[in-house]
Amino acid sequence: VGTHVEIPADFPKERVLNAAGGYITPGFIDIHRHGDWQAFGNGDDQLLNRQGLTTVVNGNCGLSVAPAGEKFEKEIAGFLSSVTGDSRNRGTEIMSTMSSYMSALEKERRSVNTGMLAGNGTIRAGVKGYASGKLSKEEVHQVWDAVEESLTAGVLGISLGIAYAPEFEYDRDGLVEALQPLKGTDIPVTVHIRNEGDGILLALQEVISVAEELKIPLHVSHLKCIGKKNWGETPVRILQLFDQAATRGVKVDFDLYPYLT
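### So, the overall build of the protein chain
Scanning the protein chain for helices and strands turns up eight helices and seven strands. For the protein chain, the C-alpha atoms occupy an extent of roughly 70 × 50 × 35 Å along the three principal directions. When each of the 261 residues of the protein chain is scored for burial, the buried share is 44%. A fraction of 78% describes how many contacts in the protein chain between residues 6 or more apart in sequence connect residues 24 or more apart. Total accessible area computed for the protein chain in this model is approximately 14300 Å², and 53% of it derives from carbon and sulfur atoms. For the protein chain, the centre of its 25 positive side-chain charges and the centre of its 34 negative side-chain charges are spaced 3 Å apart.

Below, the structure is given as structure tokens:
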């Protein structure tokens, strides 16, 4: 990069881009996407390229398309379709385990780097479907097996969507139990909290306490305060919660939407 760049005479002209009047930046990273299926067949590559994105992370909010197991695959695919789109007739076998999904993804020739999170909601649904109630001991062990299989397959972390079915069936202690395979590791949980409106402070205290007990990093997804009465003082108190957690040794951070209204 400079005021004058000498272009070799034999350099292909179609590879020269005149960026006058523009900006040259490092590649942008979008850590919160739901493009699990769009990652196939160059489905959203052009969209991402036009935004300057070179790395994306899918599988957020507990709503990853894998690992769905086998018993409830079709039910899970239907539930997720409004968020991740349909499976593009690729077959639910790609969803059954995270290793099968990641293996299929590795065969794609994408123009962006693609990371994946394992959705805690999908993991639970793969064990119990969308039925209410606490997990049995056997079901808890099945959840642990799915978490461990996903980690082995190469996911970056576990995403939670506690506001959504079936994860809202977990209470605070249930979340701690389900996430036991992460205990004492540097593997993060990324969380769509239980309430982003009037109950946001309690919702944040819940997930901070989960991360603190498990001694794992916490990332709060798309932090926001819904409702005008929660503007002003509430964000200050939120940041105080984060600062207090950090002083106790909890690794906690968050992301925001990149727009103002």
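### Structural notes on the nonpolar core
Of all hydrophobic cores here, the largest spans 61 residues; its most connected members are Tyr101, Val189, Leu204 and Leu218. Top element by residues in this core is helix H7 (residues 200–214). It accounts for nine residues. Among residues more than four places away in sequence, those in contact with Leu204 are Ile193, Val220, Leu223, Ile238, Leu241 and Phe242.

### A few points about the pattern of salt bridges
All chains considered together, the criterion is met by twelve salt bridges. Across the pair Asp44 and Arg110 runs a salt bridge, and its minimum N-O distance is 2.4 Å. Note that Asp44 is positioned in the loop between strand E1 (28–30) and helix H1 (45–50) and Arg110 in the loop between helix H3 (98–106) and strand E3 (113–119), a separation of 66 residues in sequence. Residue classification places Arg110 among the buried residues on the basis of a relative accessible area of 17%.

### Examining the side chain of Thr122
Position of Thr122 among the secondary structure elements: in helix H4 (residues 120–128). In this structure Thr122 comes out as buried when scored by relative accessible area, which is 1%. Within polar-contact distance, the side chain of Thr122 engages the backbone oxygen of Ser64 at 2.5 Å. Residue contacts for Thr122: discarding those within four places in its chain leaves Gly62, Leu63, Ser64, Val65, Ala66, Pro67, Ala68, Ile76 and Leu80.

### Here's the deal with the packing of aromatic side chains
Under the counting rule described, the total for this entry stands at five aromatic pairs. Measuring from ring centre to ring centre gives 5.9 Å for Trp37 and Phe40, while their planes differ by 45°; the resulting arrangement is tilted. Its relative accessible area of 2% is what places Trp37 among the buried residues. Note on Phe40: relative accessible area 1%, which makes it buried. With a centroid separation of 5.5 Å and 85° between ring planes, the pair formed by Phe40 and Tyr101 is classed as edge-to-face.

### Here's the deal with the packing of H3 against helix H5 (residues 137–153)
Their axes nearest at 8 Å, the elements H3 and H5 cross at an angle of 25°. When the axes of H3 and H5 are compared, the pair comes out roughly parallel. Read as a crossing pair, H3 and H5 show a hand that is right-handed. Of the residues in H5, those in contact with Met98, Ser99 and Met102 of H3 are Glu149, Ser150 and Ala153.

### Some points on unusual backbone geometry
With omega at 0°, the peptide bond leading from Ala66 into Pro67 counts as cis. Summarising the element assignment, Pro67 is placed in the loop between strand E2 (53–58) and helix H2 (73–84). Residue Pro166 follows Ala165 across a cis peptide bond; omega there is -5°. Residue placement: Pro166 occurs in the loop between strand E4 (157–161) and helix H6 (172–178).

### Here we look at the environment of Leu135
Summarising the element assignment, Leu135 is placed in the loop between H4 and H5. Measuring from C-alpha to C-alpha, the distance between Leu135 and Glu169 comes to 9.3 Å, with 34 residues separating the pair along the chain.

### Quick look at a nonpolar patch on the surface
Taken together, the side chains of Val5, Ile7, Phe11 and Val16 define a hydrophobic patch exposed on the protein surface, amounting to about 330 Å² of accessible area. Overall, the relative accessible area of 32% leaves Phe11 in the partly exposed class.

How each quantity is defined
All chains use their own residue numbering, which begins from 1 and follows the written sequence. In keeping with the predicted nature of the model, local features appear solely for residues at pLDDT of at least 70, side-chain atom pairs appear and are counted solely at 80 or more, and the whole-chain, interface and lining totals rest on all residues. The side-chain numbers reported here are obtained from all heavy atoms of the structure, hydrogens and water having been left aside. Only DSSP runs of H or I reaching four residues or more are called helices, and only runs of E reaching two or more are called strands; each is numbered from the N terminus. Burial status follows relative accessibility: with a 1.4 Å probe on protein chains alone, a residue under 20% of its type maximum counts as buried, one over 50% as exposed, and anything between as partly exposed. Two residues form a contact once any of their heavy atoms are found within 4.5 Å. Method for areas: the Shrake-Rupley scheme with a 1.4 Å probe, in which residue coverage is limited to the protein chains shown. Positive charges come from Lys and Arg, negative ones from Asp and Glu, while His and the chain ends are left out of the count. To locate a charge, take atom NZ for lysine, CZ for arginine, CG for aspartate or CD for glutamate. The set of buried Ala, Val, Leu, Ile, Met, Phe, Trp, Tyr and Cys residues whose side-chain atoms join them within 4.5 Å is what this entry labels a nonpolar core. The term salt bridge refers to a pairing of a side-chain nitrogen on Lys or Arg with a carboxyl oxygen on Asp or Glu at a separation within 4 Å. Here a polar contact is recorded for every N or O atom pair within 3.5 Å, except that within protein the pair must consist of a potential hydrogen donor and a potential acceptor, and residues adjacent in sequence are included only if both atoms are side-chain atoms. Ring pairs are drawn from Phe, Tyr and Trp, using the six-membered ring of Trp, whenever the two centres fall within 6.5 Å, and their geometry is named by plane angle: stacked under 30 degrees, edge-to-face over 60, tilted for the rest. Under this scheme, a helix contributes an axis fitted over its contacting stretch, all axes are lines through C-alpha atoms, and angles between N-to-C directions fall in the 0 to 180 degree range. Orientation is classified from the angle alone, with under 35 degrees giving roughly parallel, over 145 giving roughly antiparallel, 65 to 115 giving roughly perpendicular, and any other angle giving oblique. We call a crossing left-handed when the near helix sits turned anticlockwise from the far one by less than a right angle, and right-handed when that turn is clockwise. To count toward a patch, a residue needs a relative accessible area over 30% and no salt bridge; like charges are then connected within 9 Å, while nonpolar side chains (Val, Leu, Ile, Met, Phe, Trp, Tyr) are connected within 5 Å.

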